[in-house]
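Given next are the chains, with one letter for each unit.
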Amino acid sequence: MFTPLSRIILLLVCAALSVVAAVFNIYSLLIIACLASAFLLWGYFRKGSVSLALARLRNEEYKEAEAIIEQTTRPEKLDKKQKAYYLFVKGFIAREKDHYEEARILLEESLNEGIRNQNDIAMALLALTDMEMVKNNKRQAVAYFTQMKGLKVKPSLMPDIRKMQEWLGM
């Protein structure tokens, strides 16, 4: 859960520690600094800044989430779970900007990529349902909404689900 700037700062600290350790023959510190550097680099390419953006998204801080998610420069290099959540965050940001077709594509891709959290799956399906209702496509909205059956959701999401259920007449 580091931003690219904080990773660079930590990498510089590790590099400085490595130099000091090499000069004073402190091999244990040198090994630890090298391992920490490798871990930071691995995290940069495989995890990105997705976790930070997801936390902002859950707090409905869309501008901050967008600024953070844009710091992930190579989403194709992310591991499968992080890529799914990258698409999830990008989809909600597009939805917030009323770019419904882009949001639909991104949210469907995130579901196909393998979001595992049932509450997040329900959030994506609810957003897809809402966008279909905005487009007056009730049949597709009902199809998305019925996919939510049996998912365990947080109580905070239940009012939105009930409201959508009323709108759909279910």
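Per chain, the residues get numbers from 1 upward, laid out in the order the sequence is written. Side-chain atom pairs in this predicted model are given and counted only at pLDDT of 80 or more, local residue features only at pLDDT of at least 70, and totals for whole chains, interfaces and linings cover all residues. Water and hydrogen atoms were dropped before computing side-chain values, which therefore reflect all heavy atoms in the structure.

Student: Hey, could you run me through the overall build of the protein in this one?
Tutor: Helix and strand definitions follow DSSP, with helices as H or I runs of at least four residues and strands as E runs of at least two, each counted in order from the N terminus. From N to C terminus, the protein includes nine helices and zero strands. Across the protein, helices and strands are ordered from the amino to the carboxyl terminus as α-α-α-α-α-α-α-α-α. For 170 residues, the compact-globule estimate of 2.2 N^0.38 gives 15 Å, and the protein exceeds it by more than 25% at 21 Å. Overall size of the protein, expressed as C-alpha extent along the three principal axes, is 75 × 30 × 25 Å. Using C-alpha atoms as the atom set, the radius of gyration is obtained and then compared with a globule rule of 2.2 Å times the number of residues to the power 0.38.

Student: Just checking my understanding: could you explain the nonpolar core for this structure?
Tutor: Soluble globular proteins: nonpolar side chains tend toward being buried together. Membership of the largest hydrophobic core comes to 40 residues, with the highest contact counts inside it found for Leu57, Phe88 and Leu107. Among the secondary structure elements, those contributing two or more residues to this core are helix H3 (50-58), helix H4 (62-69), helix H5 (80-96), helix H6 (100-113), helix H7 (118-134), helix H8 (138-146) and helix H9 (158-168). Between two residues, a contact is recorded if the distance between any of their heavy atoms is within 4.5 Å. Aside from chain neighbours lying at most four places away, what touches Leu57 is Tyr62, Ala65, Phe88, Val89 and Phe92. In these notes, a set of buried Ala, Val, Leu, Ile, Met, Phe, Trp, Tyr and Cys residues joined through side-chain atoms within 4.5 Å is what counts as a nonpolar core. For the exposure calls, accessible area comes from a 1.4 Å probe over protein chains only, and a residue counts as buried if that area is under 20% of its type's maximum, exposed if over 50%, partly exposed in between.

Student: Which parts of the structure should I look at to understand the side chain of Thr72?
Tutor: You can see Thr72 is positioned in the loop between H4 and H5. Here Ser49 takes part through its side chain, which lies 2.9 Å from a polar atom of the side chain of Thr72. Other than its neighbours up to four places away in sequence, Thr72 contacts Gly48, Ser49, Val50, Leu78 and Tyr86. N or O atoms closer than or at 3.5 Å make up a polar contact, with two conditions inside protein: a donor-capable atom paired with an acceptor-capable one, and, for residues adjacent in sequence, both atoms drawn from side chains.

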